[in-house]
Amino acid sequence: MMHQLLQNMERFIVHQESPHKPWKRSRLWCHEESFKVLKQNKGTENVLGLVLDMRMLEKKKFHASFELKTDALSNMDNLMLLQLNYVQTTGPYENFSEELRWLCMHGFTLKSIPSDLPMDNLVALDMSYSNIESFGIRYSYPQRLQKRQKLLTGFCLEDKRLPQSLKILNLSFCQQLHSLGGFDQLPALERLILIDCIGLLDVCESIEQCVELVHVDLSYCNKLENLPRMIGMLKKVKTLLIEGCNLSESRIQVNDIDSPEKSIVTFSPTIPEATPTYSKFFTISLPRSLVSLSLANNNLSTESFPMDFSSLSMLKELYLDDNPIVSLPYCVKSLPRLESLSMVNCNLLTSVDHLPHTLTYLDLHSNSNKPLLQKVVFDPDMSPLELSVDWKMFATSSFEFEGLVKIQPMAGIDEKLLHSFGWTKLDFLNERGLRSDVWFSGPKESEIQVYYEFGIFSTIYGGEEMPNWITVRSSGPSISFTIPSSPNTFRGLNFCCVLTSQFFLEEGLGFVDDVPLNLPVIIISNITKNLTWIYNHYIDIVYLSGTYLTLLSHWMFGMNEMECGDQVTITVILRQKPYDIGSAVTKECGVSFVYDDGKEEEEEDVLGYYKSWNHIIGRDLTGFQSTTGEYILNKIRIVLPYVGI
C-alpha cells in the first residue's frame, strides 16, 4: 500500500513539476534499508525518494534507538520524496534537499516548522500527529499579536515565505494546533486536511485567496470558532467534510442570495440552554460548487434540515452518518444530481423515502441492537441502485422494503388478500408463533407473519399440520406433478413443507426446545418450460420449539412461467451439511393450485400493488439469473439491476 501511495505521489509531483527531466530511478522504499543508509550516512545524490517510519520498524520488532543527524541528508541533493515519521532529528534543517516536493513528518516534536527548512519547491506537506501550535500566521496589527502572545507560543512563519507551489497541506491530528494562516502565500493550494485538530480555534480569512482549493476536511475540529465565516469564503471547493464539528441540534435553511457562488445554510440550536460557550447561532454559506458534502456525526435531527437543497446543483455525494434523524430529510429529494447517499448508524431511522431518482448508491448499515427502520420507498423512475444494507436494522415485526421484501403480521392482513391466493381456514395458526433470526442478529420473538418477496408470499408456524386445502402430498423432500387442466386460467400454486431437525431425529427425542433450524432452499423446476427458481427465504434461522415446523408459501406465477399441463418438480434441500445441528429434514411436501374464479377484477385490485414490484416472478429477474432459465432468489445476491444487497 505504501509503495502504491508513493508511486501515485511520484506521478503527481515529479512528472507534474518536471515532466521532461530524465530522472534516475533510485528510491529507498524499505524502512530497514532507509534506516541503514541514514545511520551509516551513505546517502548520495542519486537518491530521489526515501521513507523511514520508526513505528513500522517497531512493529517488525526491529529494535534500534535512533536519532537522525540531519547532515545524513546533506549529500542527497536531488531528494524529492521524503518521509521521516516519528524520527528524532538533530541538526540544522537546511541540510534537507531544496528539491523536496513531498515531505511527510508524522510525530514531529517541535512546536513550529523550522525557519531553515527548504520549502520553496514543496508540493505536498504532511505533518500529521505533530506538536505544531501554529502555521503561517502573519499579523498586520502588532496589538493583535501581543494579545494572543500567550496562546501562540510556537514560532510563526512571519518572516518566512510559505511555498508558493504547495498543493496539499495535511496537519491532521495536530492537537496542539491553535491557528492557521498564511493562505495568501499559498495560491496553488488544492487540498487542506485538518482532521481532529481539536485545539484549532481560528483559520485566517486569507483562505479566500486560495482560489484553487477544491478539498477541505475539517472533521472533528469542534472548537473552530470561525467555521461559518471560513466556509463562506471557499469559492471553488468541491469536497467539504465537516463531520463531528459539534453543530449541535440545529435547524438548517437554504436561502436564495444574490451571489451565484453560495447557498446559505442556517444553523440554530433548538435548545438554547444547550448552547456551548461560543455561539452556535450562525449562518453557513455552502459553495454551490460542492460535489461531496459530509455532515456526519453532528447531532442533526430530521427537522434540522431545510425543505430545499436544489441550489446545491452539483452535489453528488452526501454523508449523513451518525445523526439522530428519524426519516430522510425532505431536502435530499431536491438534490438534482445526487448519486451516493450514506446514512450509516442513523440508529433512530424509521423510514427512508423521497430518494432522488438519480441515486445509484445507498448505504444503510447500522450497529443498533434495537432496529427501528420500517419502510424504504424508491422513486419508480430511479436509476439502477446499489444498496449496502444490514438486515439487522429493520424492525422485526413489520417493515416494507419496497420492491424487495414486505413483512407484516398475519392478523393485520386483509382476508381478501389471503383468499386471493387460496389461503382459508387458518385459525389454527393463532397459537403457532416462532422465534426467528435474520442475518445472525439473534433470536427475535414474533407473532405469525406473512413475508412477501420475489412474488412469493409465505408464513412459518410451529407444528406439522398442513391446511386441508393442500390436496397433493408426498413424503420426503421432493414432489412432482402435472398442473391440472381447468376452464379457468392458472394463476399460481401453494407449496407447503413440514420440517424437523436432523438433531431431533438422530437423538430420538420426543420434544426439542430452542434448537436453531436453518430454513432449507426451495427449488421449483418447470420441466416443460425449462425454467427453475431457487428460493432462499428472507428468514435465515427458526428456533424450533416442539418437534416440527411448517413453511407455507404462495407463488404468483403467470402464463409465461406456468400453465396447465406443465410438468413440475419441487425439491427442498439443506442449506447445511447433513447431521449439522441446524440442518432441516423435510418430513412431507404438498401443493395446491390457484385458478381464476370469476372475480378477476376485484382480485387484481387486491394483488395489484404486489404485482407492480419490479423484481418478482413474471417481471424483471435479470439480476438474479445465474444461467439461462435459472433464477437464484436471495436477498443477499449482489448482481441486481435495481437493488444490490
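The rules behind these values
- Residues numbered from 1 in each chain as written.
- Predicted model: local features only at pLDDT ≥ 70, side-chain atom pairs only at ≥ 80, totals over all residues.
- Heavy atoms only, no water.
- Patch = residues over 30% accessible without salt bridge, like charges linked within 9 Å, V, L, I, M, F, W, Y side chains within 5 Å.
- Areas by Shrake-Rupley, 256 points an atom, 1.4 Å probe, with all protein chains shown as cover.
- Salt bridge = Lys/Arg side-chain N within 4 Å of Asp/Glu carboxyl O.
- Lys, Arg positive; Asp, Glu negative; His and termini not counted.
- Charge placed at Lys NZ, Arg CZ, Asp CG, Glu CD.
- Helix = DSSP H or I, 4+ residues; strand = E, 2+ residues; numbered from the N terminus.
- Buried < 20%, exposed > 50% of the residue type's maximum accessible area, 1.4 Å probe, protein only.
- Core = buried A, V, L, I, M, F, W, Y, C linked by side-chain atoms within 4.5 Å.
- Contact = heavy atoms within 4.5 Å.
- Pairing = 2+ DSSP bridges.
- Phe/Tyr/Trp six-rings, centres within 6.5 Å; stacked < 30°, edge-to-face > 60°.
- Lys NZ or Arg CZ within 6 Å of the ring centre and 35° of its normal.
- pLDDT = per-residue confidence, 0-100.

1. Re a negative patch on the surface
Where like charges cluster on the molecular surface, the negative patch consists of Glu45, Asp77, Glu98 and Asp120. Mapped onto the fold, Glu98 is located in the loop between β5 (88-90) and β6 (102-104). The class of Glu98 is exposed, set by a relative accessible area of 59%.

2. Section: the nonpolar core
Membership of the largest hydrophobic core comes to 144 residues, with the highest contact counts inside it found for Leu84, Leu341, Met343, Phe495, Trp533 and Trp555. Contact partners of Phe495, with chain neighbours within four places excluded, come to Ile479, Ile522, Leu551, Leu552, Ser553, Trp555, Ile570, Val572, Cys589, Gly590 and Val591. Grouped together as the second largest cluster of nonpolar side chains are 26 residues, Trp423, Phe428, Ile470 and Tyr610 included.

3. Let's talk about the sheet that holds strand β21 (residues 351-352)
Pairing within the open sheet is mixed, and its 10 strands lie in the order β21-β23-β25-β26-β29-β30-β38-β33-β40-β31. Looking at strand neighbours, the two that pair on one side only are β21 and β31 (472-475), the edges of this open sheet. One ladder, built from 3 bridges, connects strand β29 (residues 449-453) with strand β30 (residues 456-462); its direction is antiparallel. Residue Glu453 lies in a different strand from β30, and its bridge partner there is Ile456.

4. Regarding the packing of aromatic side chains
Scanning all chains against the criterion turns up 20 aromatic pairs. An angle of 80° between the planes, with centres 6.4 Å apart, marks the rings of Phe454 and Tyr535 as edge-to-face. Pair noted here: Phe454 is in the loop between β29 and β30 and Tyr535 is in strand β36 (residues 531-535), with a separation of 81 residues, a long-range link. Tyr535 carries the same exposure label as Phe454, and that label is buried. Between the NZ or CZ atom of Arg55 and the centre of the ring of Tyr86, over which it lies, the distance is 3.8 Å.

5. Details of the pattern of salt bridges
Tallying each qualifying case throughout the model produces 7 salt bridges. Salt-bridge contacts for Arg491 lead to Asp596; the nearest nitrogen and oxygen are separated by 2.9 Å. On the criterion of sequence distance, the pair formed by Arg491 in strand β33 (residues 490-501) and Asp596 in the loop between β40 (584-595) and α8 (600-611) is long-range, its members being 105 residues apart. Note on accessibility: Arg491 and Asp596 belong to one class, buried. Residue Lys529 pairs with Asp566 through a salt bridge whose shortest N-O separation is 2.8 Å. Residue Lys529 is located in the loop between β35 (521-526) and β36, and its partner Asp566 is located in the loop between β38 (549-555) and β39 (567-573); the two are separated by 37 residues in the primary sequence. Exposure remark for Asp566: the relative accessible area of 4% places this residue in the buried category.

6. Observations concerning the pairing of strand β42 (residues 630-633)
Residues of β42 alternate between two faces, with Tyr631 and Leu633 buried on one and Glu630 and Ile632 left unburied on the opposite face. One ladder, built from 4 bridges, connects β36 with β42; its direction is parallel. Bridge pairing in β42 links Ile534 to Ile632. Sheet topology note: the strand β41 (residues 625-627)/β42 ladder contains 2 bridges and is antiparallel. Of the residues in β42, the one forming a bridge with Gln625 is Tyr631.

7. Quick word on the sheet that holds strand β10 (residues 179-180)
If you walk across this open sheet you meet the 3 strands as β8-β10-β12, and the pairing is parallel. The open sheet terminates on both sides in strands that have one partner only, identified here as β8 (134-135) and β12 (202-203).

8. Structural notes on the confidence of the model for the protein chain
Close inspection of predicted coordinates is inappropriate in any region flagged by low pLDDT. Confidence in the prediction for the protein chain averages 80 pLDDT; 76% of positions are at 70 or higher. Note that pLDDT drops below 50 for residues 266-281; the model gives that stretch 37 contacts with residues more than four away or on any other chain.

9. So, the environment of Trp423
Mapping Trp423 onto the fold places it in the loop between α6 (415-420) and β27 (434-437). On the basis of relative accessibility, which here comes to 1%, the residue Trp423 falls in the buried class. Other than its neighbours up to four places away in sequence, Trp423 contacts Met410, Leu418, Val450, Phe457, Ser458, Thr459, Trp469, Asn494, Leu552, Ser553 and His554.

10. Re a nonpolar patch on the surface
Residues Val326, Leu348 and Leu372 make up a contiguous nonpolar surface patch of roughly 220 Å² in combined accessible area. Along the chain, Leu348 turns up in the loop between β20 (340-342) and β21.

11. Looking at the environment of Leu373
Turning to its location among the elements, Leu373 is positioned in the loop between β22 (361-363) and β23 (375-376). On the accessibility criterion, Leu373 (0% relative accessible area) is buried. Sequence separation of Leu373 and Cys346 is 27 residues, and the distance between their C-alpha atoms is 9.8 Å.

12. Thoughts on unusual backbone geometry
The backbone of Phe173 sits at a positive phi, close to 60°, despite the residue not being glycine. For Phe173, a relative accessible area of 28% gives the class partly exposed. Despite not being glycine, Asp322 has its phi angle at roughly 60°, a positive value. Classification of Asp322 as partly exposed rests on a relative accessible area of 37%.

13. Brief notes about the pairing of β29
Burial of β29 is extensive: 5 of the 5 residues sit out of reach of the surface. Of the two faces of β29, the one lined by Gln449, Tyr451 and Glu453 and the one lined by Val450 and Tyr452 are each fully buried. Relative to β29, strand β26 (residues 405-409) runs antiparallel, the two sharing 4 bridges. Each residue of the ladder has a partner; that of Pro409, found in β29, is Gln449. Linkage of β29 to β30, two consecutive antiparallel strands, is achieved through a turn of 2 residues, within which Phe454 is found at a positive phi near 60°.

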